[in-house]
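Overview (structure and organization)
These are the residues of each chain, in order.
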Number of protein chains: 2
Amino acid sequence: MKLYNENMPAPNPRRVRMFAAEKGISLPLVRVELAKREHKSAEHLARNALGQVPTLELDDGSTISESVSICRYLEALYPAPPLFGRTPKEIGLVDMWIRRVELQLGVPLGAYWINCHPYTEPYAKAMGITRFGDYGEASRLRAIDRLEWLDGQLESEFLAGDFSAADLIALSLVDFAAFIGIAIPERATRLRAWHERVSKRPSASA
Amino acid sequence: MKLYNENMPAPNPRRVRMFAAEKGISLPLVRVELAKREHKSAEHLARNALGQVPTLELDDGSTISESVSICRYLEALYPAPPLFGRTPKEIGLVDMWIRRVELQLGVPLGAYWINCHPYTEPYAKAMGITRFGDYGEASRLRAIDRLEWLDGQLESEFLAGDFSAADLIALSLVDFAAFIGIAIPERATRLRAWHERVSKRPSASA
């Protein structure tokens, strides 16, 4: 088993590294340099038709892509400690928070990143991709609004009650947001405390 | 247990109804009329802070939202027949296809629907929501492109090999796409055959 991976600040591969660290799984990493467009090489497209990282290559040569799906595969192989919930209700709520964080926060972050951020501009230009600047800017404001919404939703130490994969996924997005210039608002004090709490875990540096 | 629900063509509640039908679970339904904005009422916001359907109310009065998360809750309660995979690899691949269908197809469909579709225009106007028409139109083209991509990825009868929750989620989106004017392209013959295959299941009319 090996993980086709990219370093920080890429949020998706980091989720899998953090998840593996929480489980005590040692995952061999193969770097795919996004800045060199290695993820769009024929070699990597054969592993993942979407040309994305992370992608996990199994010992039988087949692959599983999508960060959360790789984590679910690892959870099935190594159930302890459980990070996707234990009871039916926990299983439902952990998944709910993963989806909320990704759809509410991840989607507008991605839209701002692709349409407005200076870092992605040269690629868009080189590949003839239209950027929708007004939509991107609205997405930036939406992401800030969603950070505040998340703050209001935090009722315990972690998103779904006990610590779970939802916290790792949220951390990857909140840290990526900061990297692209969208910090947690000052008044979102619960979210800031949550961020400090999750960032202190040894897995956060994975 | 009861499901706060809306009828066709709303794709998300339909997933849960189809999933329950595949499991043979009888779910009491409570209609939340989107056209009357009942999903944004104080009563429903207390069940789901995002004001969305479906939302499942458990017997203890607590709620689980997000279509796929409700399905995962039901899968944990009623494991047979398994619809999220059996082996670790199947579990990973079913989740991968759910995510791909939702992120690749569902996100642009939603962006077109919100920004361009005549049906959503009066709501946007009434609520002062800016519509990004050029982005919406690009999202429509993106959705068509993704239907063709999906066609090229279909290697067996169903998305993840055996029939799974991924097929139900994809069906809900492909049918919603048709409802908003985005049909499966003629040349996407494998996807068309898949659509016929999944639509024939009794659960499709749930």
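What you are looking at is a predicted structure, and each value in this text was computed from that prediction instead of being measured.

1. A look at the overall build of chain A
The helix and strand tally for chain A stands at 8 helices and 4 strands. Beginning at the N terminus, the succession of helices and strands in chain A can be written as β-α-β-α-β-β-α-α-α-α-α-α. For chain A, the C-alpha radius of gyration of 17 Å lies close to 17 Å, the compact-globule estimate for 206 residues. The principal-axis extent of the C-alpha atoms belonging to chain A is close to 45 × 45 × 25 Å. Expressed as a percentage of its 206 residues, the buried residues of chain A come to 46%. Of the contacts made within chain A by residues no fewer than 6 positions apart, 70% connect residues no fewer than 24 positions apart.

2. Remarks on the environment of Ala111(A)
Residue and element names in this part refer to chain A. For Ala111, the position within the fold is in helix H4 (residues 88–115). Under the C-beta neighbour-count criterion, Ala111 is labelled buried, with 22 such atoms within 10 Å. Considering only alpha carbons, one finds Ala111 and Phe179, 68 residues apart in sequence, at a separation of 15 Å. When neighbours within four sequence positions are excluded, Ala111 is seen to be in contact with Tyr135, Gly136 and Ser139.

3. Looking at the interface of chain B and chain A
Contacts between chain B and chain A engage 28 residues on the former and 28 residues on the latter. When residues of the side of chain B that touches chain A are traced back to their parent elements, those giving at least two are strand E4 (63–65), helix H3 (67–77), helix H4 (88–116) and helix H6 (133–153) of chain B. The biggest single contributor to the side of chain B that touches chain A is H4(B), with 10 residues. In the side of chain B that touches chain A, the residues fall into 16 nonpolar, 5 polar and 7 charged.

4. Some words on H6(B)
Between its terminal C-alpha atoms H6(B) stretches 30 Å, which fits the 30 Å expected from 21 residues at 1.5 Å a residue. Along its buried surface, H6(B) packs onto helix H6 (133–153) of chain A together with H4, helix H7 (165–179) and helix H8 (189–199) of chain B.

5. A word on the confidence of the model for chain A
Summing up the model confidence of chain A, the mean pLDDT is 97 and the portion of residues at 70 or higher is 100%. Here the predicted complex carries an ipTM of 0.97, next to a pTM of 0.97.

6. Notes on the domain arrangement of chain A
Residue and element names in this part refer to chain A. One can read the domain layout of chain A as domain 1 (2–77) and domain 2 (88–205). Taken together, the contact pairs 10 residues of domain 1 with 11 residues of domain 2. Residue assignment for the side of domain 1 that touches domain 2 shows that the elements contributing at least two residues are helix H1 (11–23) and helix H3 (67–77). Counting residues per element, the side of domain 1 that touches domain 2 draws most heavily on H1, at 7 residues.

7. A look at the pairing of strand E1 (residues 2–5) of chain A
All names here are of chain A. Looking at chain direction, E1 and strand E3 (residues 55–57) are connected through 3 bridges and run antiparallel. By the bridge assignment, Lys2 is partnered in E3 with Glu57. Direction of pairing for E1 relative to strand E2 (residues 29–31): parallel, over a ladder of 3 bridges. Each bridged residue has a counterpart across the sheet, and for Leu3 the counterpart in E2 is Leu29.

8. Considerations on the packing of H4(A) against H3(B)
With their axes 8 Å apart at the nearest point, H4(A) and H3(B) run at an angle of 160° to one another. Classified by the angle their axes make, H4(A) and H3(B) are roughly antiparallel. Seen from above, H4(A) lies across H3(B) with right-handed handedness. Contacts from Pro88(A), Lys89(A), Ile91(A), Gly92(A), Asp95(A), Met96(A) and Arg99(A) of H4(A) reach H3(B) at Val68(B), Ser69(B), Ile70(B), Arg72(B), Tyr73(B), Ala76(B) and Leu77(B). For the contact of H4(A) with H3(B), a count of residues per class yields 8 nonpolar, 2 polar and 4 charged.

9. A few points about the sheet that holds strand E1 (residues 2–5) of chain B
Residue and element names in this part refer to chain B. Across the sheet, which stays open at both edges, the 4 strands sit in the order E2-E1-E3-E4 with mixed pairing between neighbours. Both outer strands of the open sheet, strand E2 (29–31) and E4, are each paired with one neighbouring strand and no more. Across the sheet, the mean angle from the axis of one strand to that of its neighbour is 25°, orientation sign disregarded. Contacting strand E3 (55–57) and E4, H3 runs over the sheet at an angle of about 125° to E4.

10. Focus on the relation of the copies chain B and chain A
For the pair chain B and chain A, the best superposition has an RMSD of 0.0 Å and corresponds to a rotation of 180° with a translation of 0.0 Å parallel to the axis. Taken together, these values place the two copies in the relation of a two-fold axis. Residues of chain B ranked by C-alpha distance from the rotation axis are headed by Tyr135(B), positioned 3.5 Å from it. Both copies share a contact surface, since 100% of the interface residues of chain B are interface residues in chain A too.

11. A closer look at the nonpolar core
Core analysis: the biggest nonpolar cluster contains 108 residues, and Ala165(A), Ala166(A), Ala165(B) and Ala166(B) have the highest contact counts within it. The element contributing the most residues to this core is H4(B), with 13 residues. Look past the residues within four positions of Ala165(A) in its chain and what remains in contact with it is Phe19(A), Cys71(A), Leu83(A), Phe84(A), Val94(A) and Ile98(A).

12. Notes on the sheet that holds E3(A)
Residue and element names in this part refer to chain A. On the basis of which strands lie adjacent, the open sheet formed by 4 strands has the order E2-E1-E3-E4 and mixed pairing. Looking at which strands have only one partner, the edges of the open sheet turn out to be E2 and strand E4 (63–65). Direction aside, neighbouring strands of the sheet carry axes that sit 25° apart on average. Lying over the sheet, H3 contacts E3 and E4, oriented at roughly 125° with respect to E4.

13. With respect to the environment of Arg47(A)
Residue and element names in this part refer to chain A. Note on placement: Arg47 falls in helix H2 (residues 42–47). Sequence separation between Arg47 and Pro82 is 35 residues, and the spatial gap between their C-alpha atoms is 28 Å. The residues touching Arg47, leaving out its near neighbours within four places in the chain, are Tyr4, Thr55, Glu57 and Thr63.

Calculation notes
- Residues numbered from 1 in each chain as written.
- Chains lettered and ligands numbered in written order.
- Predicted model: local features only at pLDDT ≥ 70, side-chain atom pairs only at ≥ 80, totals over all residues.
- Helix = DSSP H or I, 4+ residues; strand = E, 2+ residues; numbered from the N terminus.
- Rg over C-alpha atoms; globule rule 2.2 N^0.38 Å.
- Buried ≥ 20, exposed ≤ 12 C-beta atoms within 10 Å, placed from the backbone.
- Contact = placed C-beta atoms within 7 Å.
- Nonpolar A, V, L, I, M, F, W, Y, C, P; charged D, E, K, R; others polar.
- Expected span 1.5 Å × (residues − 1).
- pLDDT = per-residue confidence, 0-100.
- Domains from an automatic or database assignment.
- Pairing = 2+ DSSP bridges.
- Axes fitted to C-alpha atoms, helices over the stretch in contact; angles between N-to-C directions.
- Parallel < 35°, antiparallel > 145°, perpendicular 65-115°, else oblique.
- Left-handed = near helix turned anticlockwise from the far one by under 90°.
- Least-squares fit on C-alpha atoms with pLDDT ≥ 70 in both.
- Core = buried A, V, L, I, M, F, W, Y, C linked by C-beta atoms within 7 Å.

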